[in-house]
Each structure stands twice: as C-alpha cells, then as structure tokens.
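Geometric and topological summary
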2 protein chains.
Amino acid sequence: MTGPLRIALAGLGTVGAGVIRLIEENRPLIARRAGRAIEIVAVSARDKARDRGVDLSGYRWCDDMTALSAADNVDVVVELVGGSEGPALELARGALARGKAFVTANKAMVAHHGMELASLAEEAGLAFKYEAAVAGGIPVIKGLREGAAANRIERVYGILNGTCNYILSEMEEKGGDFDDVLKDAQSKGFAEADPAFDIDGVDAAHKLSILASLCFGTKLDFDGVAMRGIRKILAADIAQARALGYRIRLIGHAEIDGENGDACLFQRVSPRLVSKSHPLAHVTGATNAVVAEGNFSGRLLFQGAGAGDKPTASAVVADIVDIARGETGPAFAMAAADLEEMPRAPSGHRMGQVYLRMTVADRPGVLAEIAAAMRDAGVSIESLIQKEVADGSALIAMVTHECREQAIADTLQALAGSDSLIGEPMVMHLLRG
Amino acid sequence: MTGPLRIALAGLGTVGAGVIRLIEENRPLIARRAGRAIEIVAVSARDKARDRGVDLSGYRWCDDMTALSAADNVDVVVELVGGSEGPALELARGALARGKAFVTANKAMVAHHGMELASLAEEAGLAFKYEAAVAGGIPVIKGLREGAAANRIERVYGILNGTCNYILSEMEEKGGDFDDVLKDAQSKGFAEADPAFDIDGVDAAHKLSILASLCFGTKLDFDGVAMRGIRKILAADIAQARALGYRIRLIGHAEIDGENGDACLFQRVSPRLVSKSHPLAHVTGATNAVVAEGNFSGRLLFQGAGAGDKPTASAVVADIVDIARGETGPAFAMAAADLEEMPRAPSGHRMGQVYLRMTVADRPGVLAEIAAAMRDAGVSIESLIQKEVADGSALIAMVTHECREQAIADTLQALAGSDSLIGEPMVMHLLRG
C-alpha cells in the first residue's frame, strides 16, 4: 500500500453528499479494492451552512471553489457542480493545469469541452474521468472503453434519460396525458421544476455525443445531434403503439454511416416505437440502458439506475478507484489527437419503418389527400387506424412499410399547410428486436 | 507509442482462430485504442496441419505448447487450450514464472486455480486476466472489477450458460421435451456432443465461483457451489411456469449471507422460475446476462453473447488491450492476500417461494398425503394444478407461499419412499422482479 489518494470535492448537492457517504460507508472495502486509502481532504460548495446530512467537519472547507484546483496535498479534484461553463470548467482546467487528476459527473461540460479537457489531461499525463456523466450508476464508459476495446463498434443506442423513461412508463401504465404525468413526476422528484433539458432531449444528447466519441473514435460533436423530445406524445400514441406490439421510448442513437463511401457520423435523440422483442422495450421507470454493437462482441447491453445520488456516487468513486489503481489511460479510449473529425451524416437515405400520427379534420377527402401524398412520395402503409377524437376531428395513426426517411419528409412537406391537418403530425421511427 | 505488445497464443480452436482474425481485422483500431501495436509472434496447437481458415505463416510455430512460456520476445501468453489442469495450467504457471502476462478464457482453470495464479501474478507484478472466462463477450469482469469497485456487492446472479438458455428457450418456444431439444441443439452446434458440463450446471458453477470471488472479495470456492442442471425439466414444467407468468432459466446465484452473524458465502446453480417482470425472463437463446446488486449502484445488468468464437475473442483481446495500456491491477479486484476465506452458507433458513412438481399415482388419497406432508412442514400452497398425464399417473404442479427452504426439504423427506410418488419431485425456486 502506498499513501492515501487525496480528494478535493467541489459541489455538495445530493450527488456530492452521496460521494461522501459512499467513501465513508465503504471505506475499508474501497481501500482493499483500490490498494490504498481514499481520503477526502477538502470540500467546497456555495453554501457552507446548509444541512446535507453528512458531517463535513473532518474536511478543509474552501469558500472559493476554484481554489480547490490550487490546493496543496490534493491528488484528485472531483467536480459535481454542473453547468457546461463557469466554475465547473474553470475548475477542470485549473486542476489539470496544476497536476491534479480530474473526475466529473458533468455531462454538459464533457459534451461541450471534453476534447479540450482530454488533451489537457493527456499532455499533463493525468487522468480525466467521467463515468458518472453517462447513464448514472451503470459502468458503461468503462464497459465500452475497456470491455469493447477490441471492437469496431458500429452502433450505440439506448435509453439515456431516466426522467423521460419514467414519464413514458407512467403514461403507458396509467394511461395519462403528458402534462399530467409530468406534473406527477415533478411532485415525486423524478422531474426537475424546469424539465426542458430532460424532456426535450438535451440531456440525452449530451450523453449520446459522449458515447459516440468513445465508441467510434470520433471527436465530440454535440451540435451534430439531431434532437426531439417527448412533449408532444399523446396518450393515444402510447395506446396505438401498445396495440401494435410496441412501447414508446426516448432513444439516443449514434452510428457510423458509410452509405456514401466516406464514413459519416449519425447522431439522433428521438422518441421511437420499440418492438416488445427488443430488450429496451422492457426497461421501465427511471432506469437507463445502453446497447453497443461491436463487430466481434455482437450486441452488448448495459442496464441500471440512470440517476440518483447513490448510483451516481458509485460511478464517481469507481473513477477515483481507477485512479488509485493507476489505471488511467486516455479519456476517450485513444489519444485525443487520434480522434477523427467526421462529417455529419444526412438522414434522408436511412431506411426504416415509421409511425405517423395526425390529427385531422373529420370530413370527406382527408384520408384521400393524405394517402395521395404518401403514394406520391412512395410510402406504403402497413397498418392504419382512424378514430374520432372530438367534434369535427379525428386521429389517424399508421405504421408504414420500410421506406427512406426522405420519403416521409416529402409526405409531410406535401401536406404542410393543408387545412385537413390540425396541428403538427407526429413521426416516430421504429426500433425492432 | 511504445513498441508492439508481443503475444504468444496457445490453442487454435474456434476461439484461437477468432482471436487471430480479430487482431488482424481490427489492427489499426486496436493500435489506436491500445496506444501501441498488438502483434501475435508465436502460436501453438496440437495439430499444425489442420485448416483453421486463418493464415499462420507470419507466426513462429511451437510444437511444444508449454515452450511458449519460455519463448523470447513474448510479453503476453494467451491460453485457449482449456482443461483445468495439464498443459493449460503448466503454461499459466510457466508464463507467470518467466515474466509474461497471462490471459485466458479457461473458466475451469480459473475456478480451480485462480487463487494460485493471482498470487503468482501479483508477486511477479504481472497481469493475469480472464474476461473471456465468464459470460463470453460481455465485459462483466471489467464492469464489476472496475465499474462497481466502490460498492459492497450484496448479490450476483444470472444466466451463465448459453447452451442451457438455448435449450430452455427452445423448449418454451416449441413445446418439446428436453431430450429432443438437446439433440436438436447438438445438431445445430449449440450443445456439445458430451453436454454434461453445460446441462448439469458445472460450467455455470465455474463462472459463478469466479464472479463471487470478484464481487465479494472472497477466496474462490468452486467446491462450495451447490449445483443442479436442467436434465429433468419437463415440457409440462415449462408450460406450468408459463401459465403462472414465469419462465424457467438456469440461474447461478451467489450472495453474502449474514443471517447468523458471521458472513457466509452462498453459491448455487439451479433452474428457477423467473417472473416475467424480471429482465432475466426476457433473455432468450444462447445469450448470457449477469445481475449485480451493489449497496450504492443498485441493480446492474450486463447482457450479451455468452459464447461463440467472435464474442469470446472480443473479450480475450480486451484483456490484451488492457495490458497494452498498462491497466493491470489485481485479478480479483484486490490483493490475493486480502481475499477472505468465508464459510459456506447453509440454505435451510433461506426464504422464498418454490415451484414443486410431482408425478403421482392417480388414485384416492395421494393429494391428501402430499398436502398433509406440506402442512406438517409448515408449507402453504399459493396455487396448484393437477392433471392426468398417462394411465394411472397424474402430474401435480404447485407454487408455495414464501417459506424456509428447510420446510420444503422436510416435505420431500416425509414423502420419500411413498409409493404415491412416481420418480423424483422437481423443486425450483422462484426469482421475482
């Protein structure tokens, strides 16, 4: 055993308090696994007085968070402050500039500044680790970085946002509409007061961009993620999907698209109809799950708690144990300079089946108009249901046969502005087992 | 980049050939991820002449397999020969004695000699790695060793044998009896000509004992695994289970039992009724899945291909990449000397529900006799079905309420030797979501 690994912890919200509890509660076990003791030596947060349910008296308190990076006798700075810029980023840069390893749970910062931080860490020969930034307590970063290291990974996708999955599961189970279920989720702590980052897909997109870089050896490209959230999903969509043998899940999906010769990077977060024969259809509640398809490993699935103080703390401390063991290779599985800058893939040529739902005026000729637009675009229908939903309006839900995404776009383009349609159509791609 | 990592490969069966193909096919990618080239320099197998579909001309051939451990210019010896003793073990000891890292896919050898090899590796400061020995291509060893390193793991269980899961899935889907489905599985290459190791639970027990040591920090205790296979499962069991909302799976299950004050190690491989609300019920075909429950991470699930040349090669080469990166801590997640010798847990006090099936003589008084034995042992019945299966015999299948396992043993003891029973009763514990 060498001396203890000394930790400075910035941010004492629920995850920060969880990290302290974990390190205290599992202390002897962690020391055996890490080969040395892990000691928190300094902490910092905005409000010193707040009761966090943990005893901070044994740790040096720093009022100035960014001063942690300059603190003596610290080996690792752990950032649990959040925010893609500001103090978190300043702390990260400062820690790596001053010879300290850096661990974070901050997906927004990694998605936006991961390349810079990976380069800084590499140049300084330091560890930069972010297991907790993706899929909470699931060791998916280590599983892919190390376990799938021998594979050309062709595709990575999954359920990356627990709030959305909780809401969709609740809508499915209780039959409620989105707004009601969201309010209920907020009251139970499964959704934030301002839920936009979660329900509009931004959080999932942060995580997806990180997974894509790690899996494909490409530079992070958060801005290249097409994203659409779950706000506009109706109870009727859930019911139709179920009747057809599907469940609706918000799926982050990235793959290398070699369709046109040169490899391009496809990244999209969107609600999809997942076939019940696919394991992701059985992931309910706030659980996360990630699937990676390697050219030798085949399909790998990692599933577990996607958030929460304890699972997230588990991931943070796993990174710390890695550092204690000296297992600290490059952050994105290869040298930052080796990561490829890859063009973004268009989606028009992608093939698949689509669920299409429209609210329409309930009068003669509407279905003919829609059917003609689909025919003209070359889209054929596998199944269709029409039902009246209110005076003068009807809901049409259908699943198409496999077609190019461009054909769906063409269909919607042809129908845009038609007074047959009430509101926007809903398009969801299918994910089959 | 430093110089290439030089590999000697012993055993050129399907997995060995897969490792060669993987290293050749993904060569540039692996070099980027490993930070250096991975080069196979020497190979050995029993029969040089056999066509394996891979070009061996670039590698030094050794007729004497154990000589690989003494070969110059070799950094890592990879053992894919199999067998818990003999050449495989000799090679492992020789490699570690001569300063070479050692990688194996040999679950039997790790289960029987893992402690010795871990100690040898540690003393020599060498890596000893065995990702491919458990659950094929799923990076569950790395996931638990590193990803769950901060957790006290309370329980680890899963589907550890692809052959059994394939057979049970086929019985479920096609309604066939065990013997017929086994023959079909053999003809399709999903079961060995001598299937005993798989279907009697030995292979799953090897893997379970490895997982238990890794998760709990206990010394390997393969002999402490209670095991029962799937030979005696009838089509009627599958049908009854399905009617009750369960699927039958061969489950390896290990946990720390603190019931009587001192921690004891419980390890068992047995067929169980898995509730459809549990993710393991949805694992079909030759797939493996491992669940670990940590005190902070919560429930983690790892799922993927449990066997096959390509997935197994993926795991073998992942270990090699770890070694190339210098990420090579202790084999069982802590120093071998720190692993605890833990007494074996008895099972009589374990609580749970049980599926109990008996073939009985079809005459008055039989059910009364069985019911009395259960009453006397304190076992109550949640559901029961009786049906005639042939002239003069009937099948009784029931699910008990939760009870101590001892009570079930007492019931069977009371009925032992009764001429009401035809053949042995079948007992399967339930696994709920």
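Residues numbered from 1 in each chain as written. Chains lettered and ligands numbered in written order. Predicted model: local features only at pLDDT ≥ 70, side-chain atom pairs only at ≥ 80, totals over all residues.

A tally of helices and strands in chain A yields 13 helices and 18 strands. Relative to the 2.2 N^0.38 estimate, which gives 22 Å for 433 residues, the radius of gyration of chain A is 24 Å and therefore close to what a compact globule would have. Among the 433 residues that make up chain A, the fraction classed as buried is 54%. Taking the intrachain contacts of chain A between residues at least 6 apart in sequence as the baseline, contacts between residues at least 24 apart amount to 75%. (Helix = DSSP H or I, 4+ residues; strand = E, 2+ residues; numbered from the N terminus. Rg over C-alpha atoms; globule rule 2.2 N^0.38 Å. Buried ≥ 20, exposed ≤ 12 C-beta atoms within 10 Å, placed from the backbone. Contact = placed C-beta atoms within 7 Å.)

All names here are of chain B. Put simply, helix α6 (residues 162-174) and helix α7 (residues 178-187) touch, their axes get as near as 9 Å, and they point 125° apart. In terms of their interaxial angle, α6 and α7 are classed as oblique. Here the hand of the crossing between α6 and α7 comes out right-handed. Contacts between α6 and α7 involve T163, Y166, I167, E170 and M171 from the former and F178, V181, L182, D184 and A185 from the latter. Residue composition of the contact of α6 with α7, grouped by class: seven nonpolar, one polar and two charged. (Axes fitted to C-alpha atoms, helices over the stretch in contact; angles between N-to-C directions. Parallel < 35°, antiparallel > 145°, perpendicular 65-115°, else oblique. Left-handed = near helix turned anticlockwise from the far one by under 90°. Nonpolar A, V, L, I, M, F, W, Y, C, P; charged D, E, K, R; others polar.)

All right, on to the interface of chain B and chain A then. The interface is formed by 48 residues belonging to chain B together with 48 residues belonging to chain A. Elements that contribute at least two residues to the side of chain B that touches chain A include exactly α2 (27-34), α5 (140-147), β12 (298-305) and α11 (309-325) of chain B. No other element matches α11(B), which puts nine residues into the side of chain B that touches chain A. Here the side of chain B that touches chain A is built from residues that sort into 22 nonpolar, 15 polar and eleven charged. Pairing of strand β12 (residues 298-305) of chain A with β12(B) involves three bridges; the strand directions are antiparallel. Its bridge partner being in β12(B), L301(A) is matched across the sheet by Q303(B). (Pairing = 2+ DSSP bridges.)

With that settled, consider the relation of the copies chain B and chain A. When chain B is fitted to chain A, the residual RMSD is 0.0 Å, and the transformation amounts to a turn of 180° plus an axial shift of 0.0 Å. Within this description, the copies of the chain are treated as partners about a two-fold rotation axis. Comparing interface residues between copies, 100% of those in chain B also sit at the interface in chain A, which points to an isologous, same-surface contact. (Least-squares fit on C-alpha atoms with pLDDT ≥ 70 in both.)

A few words on the pairing of strand β7 (residues 153-159) of chain A. All names here are of chain A. The buried fraction of β7 is high, at five of seven residues. Inspection of the sheet shows β7 paired to strand β11 (residues 287-294) by six bridges, in the antiparallel sense. In the strand pairing of β11, R155 is matched with E293. Where β7 lies against strand β9 (residues 246-257), four bridges are found, and the strand directions are antiparallel.

Pairing between the strands of a sheet comes from backbone hydrogen bonds, and it takes one of two forms, parallel or antiparallel. All names here are of chain A. The six strands are arranged β3-β2-β1-β4-β5-β6 in an open sheet whose pairing can be described as parallel. Only two strands of the sheet have a single neighbouring strand rather than two, namely β3 (60-61) and β6 (128-129). Judged from the six bridges that link them, strand β1 (residues 5-10) and strand β2 (residues 38-44) form a sheet pairing that is parallel. Paired with L9 across the bridge in β2 is V43.

Most of α5(B) is tucked away: eight of the eight residues are buried. Looking only at α5(B), the buried set comprises V140(B), I141(B), K142(B), G143(B), L144(B), R145(B), E146(B) and G147(B). In the core, the buried residues of α5(B) are packed alongside α5 (140-147) and α11 (309-325) of chain A together with α9 (202-216), β11 (287-294) and β12 of chain B.

The subject of this paragraph is the domain arrangement of chain A. Residues and elements named next belong to chain A. Assigned domains within chain A: domain 1 (5-133), domain 2 (140-305) and domain 3 (351-431). The gap between the C-alpha centroids of domain 1 and domain 2 is 28 Å. Among the residues forming the side of domain 1 that touches domain 2, the class breakdown is six nonpolar, two polar and two charged. (Domains from an automatic or database assignment.)

Turning our attention to the confidence of the model for chain A. Scored by pLDDT, chain A comes out at a mean of 94, with 100% of its residues at no less than 70. Listed scores for the predicted complex are pTM 0.96 and ipTM 0.95. (pLDDT = per-residue confidence, 0-100.)

We now examine the environment of E146(B). Mapped onto the fold, E146(B) is located in helix α5. Among residues more than four places away in sequence, those in contact with E146(B) are P139(A), K142(A), A318(A) and D322(A).

Moving on to the pairing of β1(A). Residue and element names in this part refer to chain A. Within β1, five of the six residues are buried, which leaves it mostly tucked inside the rest of the structure. Two strands pair when backbone bridges link them, and β1 and strand β4 (residues 76-79) are joined in this way by four bridges, in the parallel orientation. Within β4, the position partnered with A10 by the bridge is E79.

As a further point, take the environment of E382(A). All names here are of chain A. Within the secondary structure, E382 is located in strand β15 (residues 381-390). E382 sits 27 residues away from Y355 along the chain, and the two C-alpha atoms are 9.9 Å apart. Ignoring anything within four residues of it in the chain, the contact list for E382 reads Q353, V399, T400 and H401.

Next up on the list: the sheet that holds strand β2 (residues 38-44) of chain B. Residue and element names in this part refer to chain B. Pairing in this open sheet of six strands is parallel, and the strands run β3-β2-β1-β4-β5-β6 from one edge to the other. On the outer flanks of this sheet lie β3 (60-61) and β6 (128-129), each paired with one strand and no other. Sheet strands touched by helix α3 (residues 86-97): β1 (5-10), β4 (76-79), β5 (101-104) and β6. Its angle to β4, the strand with the most contacts, is close to 170°.

The subject of this paragraph is the environment of L126(B). Residues and elements named next belong to chain B. Tracing the backbone shows L126 in the loop between α4 (107-124) and β6. When the C-alpha positions of L126 and G99 are compared, they lie 7.0 Å apart, and in sequence the two are 27 residues distant. Excluding its chain neighbours within four sequence positions, the residues that come into contact with L126 are L96, G99, K100, A101, F102 and A121.

Its identity as a non-glycine residue notwithstanding, N73(A) has a phi of 60°, on the positive side. Relative to the helices and strands, N73(A) resides in the loop between β3 and β4. For N73(A), a count of 10 C-beta atoms within 10 Å translates into the label exposed. Positive phi, close to 70°, is recorded for A333(B), a residue that is not glycine. Structurally, A333(B) can be placed in the loop between α11 and β13 (351-352). You can call A333(B) buried: it has 26 C-beta atoms within 10 Å.

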